Amino acid sequence: MKDWMKAVGVIATVFFGLALFHVVWPSRMKMEPNANFIASVRDEDHNLLAVFGENTILNNRLTVEELKTLQQKGELNKFPIVPVMSYEELPENYVYFLTKVENKNFFDFGKDNVYGLSFSGIARLLKGKADGGSNIPQQLLKNAIHKKEGIGTIYLSRKYGEQLAAFQMVKSATPEEILLAYTNYSGNFFYERDFSGLILASYTIFGRAPHALNDLEMLLTVKTLKGASKLKALCNDRFANTDEIKTLILDFFELIAEDESDQERLQMMRTMELRFAKSNSLRRNTALTNFFNANKQRQKERFATQYVSAITQKNQLRVEEAATSFSKRFQKQLAVDGYALEVSLIAIDIKTGQIEATLGNRKNSGAIANFTDYGDGFQCGSILKPLVFLELFESHDFNEETTLYNGDLKTYKYNPSNVGKKLLNKEVKVAEVLKYSLNKAAVNYREYADPLKVARRVETKLSKLEIASNPSYSLGESYILGTKTMTPWEVAQAYQMLFNEGRAIPLSPWKYIIDPHLQDTIFDTKSKKPITSYSKASANSIKVLLPGAFETGGTCHRLLPFLPEGRQYYGKTGTTGKAKDGWTVLSDGQRLIVAWAGYVKNEDQVLTRKGAPAVPSKSGAGSAGILAAMAYSKLYR
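Note that the structure is predicted; figures quoted are calculated from it, not measured.

Caption draft 1: Highlighting the packing of helix H3 (residues 92-102) against helix H9 (residues 215-223). Put simply, H3 and H9 touch, their axes get as near as 9 Å, and they point 45° apart. For the element pair H3 / H9, the angle class is oblique. With respect to the hand of their crossing, H3 and H9 are arranged in right-handed fashion. Across from Asn93, Tyr94, Phe97, Leu98 and Val101 in H3, the residues of H9 making contact are Asp215, Met218, Leu219 and Val222. Taken together, the residues of the contact of H3 with H9 sort by class into seven nonpolar, one polar and one charged.

Laid out in structure tokens, this is it:
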């Protein structure tokens, strides 16, 4: 047969094969690999706050032996991802360098992109070579399908299949979809244990989100994708080899720089530095990670669920700065008789119920309990008084003009002591009871209502807000003084209701929860339904009394030097028996901060508070109040 006839036959066979392939291949390719994934949390500035690293090496609570066991059983999740939520969120310099290095004609028609086919790849196939010549669609197929299913050896048949599959992929998906899939779960970015994903790579090498990388850092991240064995070897000791790595990156870009804008970019890159991270921050077990993990939505398993949090990285850093200032102020009291001074704090937006910052413990460490929502909580002291008076205003003939006797009533066996002698044995109004925290007057509401019935009604109302009820034996005359136990989260929920005109919005750290597979929002904070607990009139009647605590002689007056001037503040403090616990509620009417302080002893990983000493200043304001004011000033200055 003549040579030209052979050529025609080969061409016809190829076209017939492509046509047949087009018919039998699905009309729409599945843009995800068959692999297990983990969910992650980011803020609205795209900073990664936490990854849920179950069965991965990101879970540093697993020992090396436990990881090996998971690996042997095939249960170790080697390929978690942190999805970038949309193409628009991809950093400009990432798209620029990736297409420059990997697939110059990715968005257009060219020799490395003829409907997904690569001429150089086809040429290598004709020469019997199975490696090299891949473009971005083919690498996505290789990494997302073959490599992650354990087919590590490169065969000609596989290479041929990738060419055909890339052809169909480009026909069935947009360039943006392909690039996004490649970014999230395909690219072989430099990462420990060969993990995938741009965000994981960025945090591992530089400890920052991708959008925070300069051009030099981004090109290093991208360059590890292709022909970078020498570069990866240098990165194994990146601090010692920083200058050599920088030179290698700049020399490489100089070779591929084509036009004037490339040259200008190169000159700018020469002035930049590689800011390597000392350790992989994603492996850090923090109280914030545990807090997020504990508050994940209880729902069916979804594909790499993306949680967008109302808590921001910026706010968390500010709260931790406040905790550091608090520790310096009480440096001599941080440890007493084997007990450590611990604190917890939660900051919320009153109208939306969104949690904006949280401090699980003084160091915000995952190695210590997260006291924000720890167990049954702690006795809340006088923090409870406004909530009991709210019930009295709502359901009894009780208002701000009602007077209470601030002294002992001989008709009752139980008569508590006051902290001071202010207004002793005088008739006082509710405003004064709350301002000075007068215990004797507080319990004497029993002259107007049955304390047991009032306590039960308060407990019923709070239980509808998912605030745990206390045993019946803790109810009674002393209930108003705070015998009830509550967590800082529960106190914040109760006061959110009080400051929001009696309407409770369930607290949540989430703004949105998104299923990236469906590109669909499965939770939106705007969809939360309020729970009306009390009337607007009753709630506002209590609220207007709380600024009194900041007046001269009030329990919160000592906090004013720590707070911004010229604002209206609402507050209430609480101290439990023997000053074992200190509490402070602080608000400006829009934001609310709840802080707790107390001493804790760690005995063989078991926390105990029995015999704990009194908090600093033996008061809620002098302990938790200082932290609350410092945090407010940092967060909302």
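There's plenty left to go through after this.
Caption draft 2: Region of interest: helix H15 (residues 385-395). Most of H15 sits inside the fold, with nine of its eleven residues counted as buried. For H15, the complete set of buried residues consists of Lys385, Pro386, Leu387, Val388, Phe389, Leu390, Glu391, Leu392 and Phe393.

Caption draft 3: Up close: the pattern of salt bridges. Overall, the coordinates contain 21 salt bridges when judged by the stated rule. Between Glu254 and Arg270 there is a salt bridge, and its shortest N-O distance comes to 3.7 Å. Note that Glu254 is positioned in helix H11 (residues 242-256) and Arg270 in helix H12 (residues 260-270), a separation of 16 residues in sequence. Residue classification places Arg270 among the partly exposed residues on the basis of a relative accessible area of 34%.

Caption draft 4: Representation of H9 in the model. The buried count for H9 comes to nine of nine residues, which makes it a mostly enclosed element. Turning to H9, its buried residues are Asp215, Leu216, Glu217, Met218, Leu219, Leu220, Thr221, Val222 and Lys223. Packed against the buried residues of H9 are H3, helix H8 (198-206), helix H10 (229-235), H11 and H12. One side-chain oxygen of the residue at the start of H9 lies 3.1 Å from the amide nitrogen of Leu216, identifying that residue as Asn214.

Caption draft 5: Spatial organisation of the environment of Tyr374. Topologically, Tyr374 is positioned in the loop between strand E6 (355-359) and strand E7 (378-379). Given a relative accessible area of 32%, Tyr374 falls into the partly exposed group. When the C-alpha positions of Tyr374 and Met486 are compared, they lie 9.2 Å apart, and in sequence the two are 112 residues distant. If we ignore the near neighbours within four places in the chain, the residues touching Tyr374 are Ala369, Thr487 and Leu607.

Caption draft 6: Summary view of the pairing of strand E17 (residues 591-603). Within E17, ten of the 13 residues are buried, which leaves it mostly tucked inside the rest of the structure. Bridge count for strand E5 (residues 339-349) against E17 is ten bridges, and the pairing is antiparallel. Of the residues in E17, the one forming a bridge with Val343 is Ala597. When strand E16 (residues 581-587) meets E17, the two strands line up antiparallel, connected through seven bridges. Within E17, the residue paired with Thr584 across the bridge is Ala595. The hairpin turn running from E16 into E17, its antiparallel successor, is three residues long, and Gly589 in that turn takes a positive phi close to 95°. As judged from the three bridges shared by E17 and strand E18 (residues 606-608), these two strands associate in the antiparallel manner.

Reading the values: the criteria
- Residues numbered from 1 in each chain as written.
- Predicted model: local features only at pLDDT ≥ 70, side-chain atom pairs only at ≥ 80, totals over all residues.
- Heavy atoms only, no water.
- Axes fitted to C-alpha atoms, helices over the stretch in contact; angles between N-to-C directions.
- Helix = DSSP H or I, 4+ residues; strand = E, 2+ residues; numbered from the N terminus.
- Parallel < 35°, antiparallel > 145°, perpendicular 65-115°, else oblique.
- Left-handed = near helix turned anticlockwise from the far one by under 90°.
- Contact = heavy atoms within 4.5 Å.
- Nonpolar A, V, L, I, M, F, W, Y, C, P; charged D, E, K, R; others polar.
- Buried < 20%, exposed > 50% of the residue type's maximum accessible area, 1.4 Å probe, protein only.
- Salt bridge = Lys/Arg side-chain N within 4 Å of Asp/Glu carboxyl O.
- Polar contact = N/O pair within 3.5 Å; in protein donor to acceptor, adjacent residues only side chain to side chain.
- Pairing = 2+ DSSP bridges.

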